[in-house]
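A closer look at the structure
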Amino acid sequence: MKLIVGLGNPGKNYDNTRHNTGFMFLDYFLDKKYTNINWKSKFNGLFYENVINDEKVIFLKPQSYMNLSGEVVSKYANFYKIDSSDIIVICDDLDLFVGNFKIKDKGSSGGHNGLNNIIKMLGTNEFKRIRIGISNNKDYDTKDYVLSKFSDEEKNKLFDIFDSLIKVLDDCFVYDFSKIMSLYNQKNR
C-alpha cells in the first residue's frame, strides 16, 4: 500500500497559493487520471482510495494546516500500517525555480515546516518527496511569499511541469524509486 500526500493549507483563501502546490498537483493528477473523484474525510484529512497495478493507493490532503501536516500523515500511516518508505510527499520548494522539481528518497526538511512536522511525527526522514519549485523572492518575508499567489506566467510554467510530473508519479507505481530519481531529476534551470 502507498500513501501519496499533497501538502497545502485548507480553505478558499489559500487556493492557488505557492504553499498549496502539493494540493494543486494532487488535484491536477487525479483530475487527469480519473473521473468522479470522491474525497472522503478521516483523521483531519481528505483522502481518495484507488488500486493501481494491484496495489491500494491512498491520496491524502491533510486539512490541519501546513505546520501540523505530520499529525495527519502519521495517523494514516499508523491506521493503514503504511511503512514510511511507501509514503510520497508532494510539496513546494523555495530553493527551486518555478518550472523545476526535485525527487528525493529521504533527507532533511530543508526548512519546510510541513516536511519538518512529518519527520517529527513519523520519527524518520526516510520517506519519498517530490518537491516542486515555487521560486523565492527575497524582497518579501518568507511567510508572506509562500502564501502569495502565482502570476499567470508562473501558473503556465507550473502546469507544464505538472504534465511532466504525472509521468513521474505514474512511474512511481511501477519502478524502484532510485530509478525514478535517476530518470527524472534535473538541474535547477
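Located above this text is the structure these notes cover.
Calculation criteria
- Residues numbered from 1 in each chain as written.
- Predicted model: local features only at pLDDT ≥ 70, side-chain atom pairs only at ≥ 80, totals over all residues.
- Heavy atoms only, no water.
- Phe/Tyr/Trp six-rings, centres within 6.5 Å; stacked < 30°, edge-to-face > 60°.
- Helix = DSSP H or I, 4+ residues; strand = E, 2+ residues; numbered from the N terminus.
- Buried < 20%, exposed > 50% of the residue type's maximum accessible area, 1.4 Å probe, protein only.
- Salt bridge = Lys/Arg side-chain N within 4 Å of Asp/Glu carboxyl O.
- Expected span 1.5 Å × (residues − 1).
- Contact = heavy atoms within 4.5 Å.
- Axes fitted to C-alpha atoms, helices over the stretch in contact; angles between N-to-C directions.
- Parallel < 35°, antiparallel > 145°, perpendicular 65-115°, else oblique.
- Left-handed = near helix turned anticlockwise from the far one by under 90°.
- Nonpolar A, V, L, I, M, F, W, Y, C, P; charged D, E, K, R; others polar.
- Core = buried A, V, L, I, M, F, W, Y, C linked by side-chain atoms within 4.5 Å.
- Pairing = 2+ DSSP bridges.

**Focus: the packing of aromatic side chains**
A full pass over the atoms with the stated rule returns 15 aromatic pairs. Taken together, a centroid distance of 5.3 Å and an interplanar angle of 65 degrees make the contact between phenylalanine 25 and phenylalanine 162 edge-to-face. Of this pair, phenylalanine 25 sits in helix α1 (residues 21-33) while phenylalanine 162 sits in helix α5 (residues 152-172); the two residues are 137 residues apart in sequence, bridging distant segments of the chain. Look at phenylalanine 162 and you get buried, because its relative accessible area is 0%. On the numbers, 5.5 Å between centres and 90 degrees between planes, the contact of phenylalanine 43 with tyrosine 76 is edge-to-face.

**Focus on the pattern of salt bridges**
Counted under the stated rule, the structure contains 9 salt bridges. Linking lysine 61 and aspartate 27 is a salt bridge whose minimum nitrogen-to-oxygen distance equals 2.8 Å. You can see lysine 61 sitting in strand β4 (residues 55-62) and its partner aspartate 27 sitting in helix α1, a full 34 residues away along the chain. The exposure class of lysine 61 is buried, given its relative accessible area of 9%.

**Considering helix α2 (residues 69-80)**
Taking 1.5 Å as the rise per residue, α2 with 12 residues should run 16 Å; its terminal C-alpha atoms sit 17 Å apart, in good agreement. Each element contacted by the buried residues of α2 is listed here: β1 (2-6), β2 (40-42), β3 (45-52), β4, β5 (87-93) and α3 (113-122). Remark: lysine 81 follows α2 within two positions and exhibits a positive phi of approximately 55 degrees.

**Topic: α3**
Buried within α3 we find Gly114, Leu115, Asn117, Ile118 and Ile119. Contact partners of the buried residues in α3: α2, β5 and β7 (128-133). One or two positions beyond α3, positive phi appears at glycine 123, with a value near 75 degrees.

**Digging into the packing of α1 against α5**
Axis separation between α1 and α5 bottoms out at 10 Å; the angle between their running directions is 65 degrees. The angle between α1 and α5 falls in the class roughly perpendicular. Note that α1 runs across α5; the crossing there is right-handed. When α1 is examined against α5, the residues Thr21, Met24, Phe25, Tyr28, Phe29, Lys32 and Lys33 are found in contact with a partner set consisting of Leu158, Phe159, Phe162, Asp163, Leu165, Ile166, Leu169 and Asp170. Its residues assigned to classes, the contact of α1 with α5 shows 10 nonpolar, 1 polar and 4 charged.

**What to know about the packing of α2 against α3**
Relative orientation of the contacting elements α2 and α3 amounts to 40 degrees, with a least axis distance of 7 Å. Relative to α3, the element α2 is oriented oblique. Helix-helix and strand crossings are classified by hand; for α2 and α3 the assignment is right-handed. Of α3, the residues touching α2 (which contributes Ser69, Gly70, Glu71, Val73, Ser74 and Ala77) are Gly114, Asn117, Ile118, Met121 and Leu122. Grouping the constituent residues of the contact of α2 with α3 by class yields 5 nonpolar, 5 polar and 1 charged.

**What to know about the nonpolar core**
Residues Ile4, Phe25, Phe59, Ile132, Phe162, Leu165 and Leu169 are the most contacted members of the largest nonpolar core, which totals 34 residues. Taken together, the elements giving at least two residues each to this core come down to α1, β3, β4, β5, β6 (101-104), β7, α5 and α6 (177-184). Looking at this core element by element, the count peaks at 8 residues for α5. Residues contacting leucine 165, with those up to four places away along its chain left out, are Phe25, Phe101, Ile130 and Ile132. With 20 residues, the next largest nonpolar core counts Val73, Tyr80, Val89 and Ile119 among its residues.

**As for the pairing of β6**
Going residue by residue along β6, you find Phe101 and Ile103 tucked away on one face and Lys102 and Lys104 left uncovered on the opposite face. Summarising the sheet, β6 and β7 pair through 4 bridges and their orientation is antiparallel. Bridged to isoleucine 103 within β7 is isoleucine 130.

Shape is all these values report; function is a separate question.
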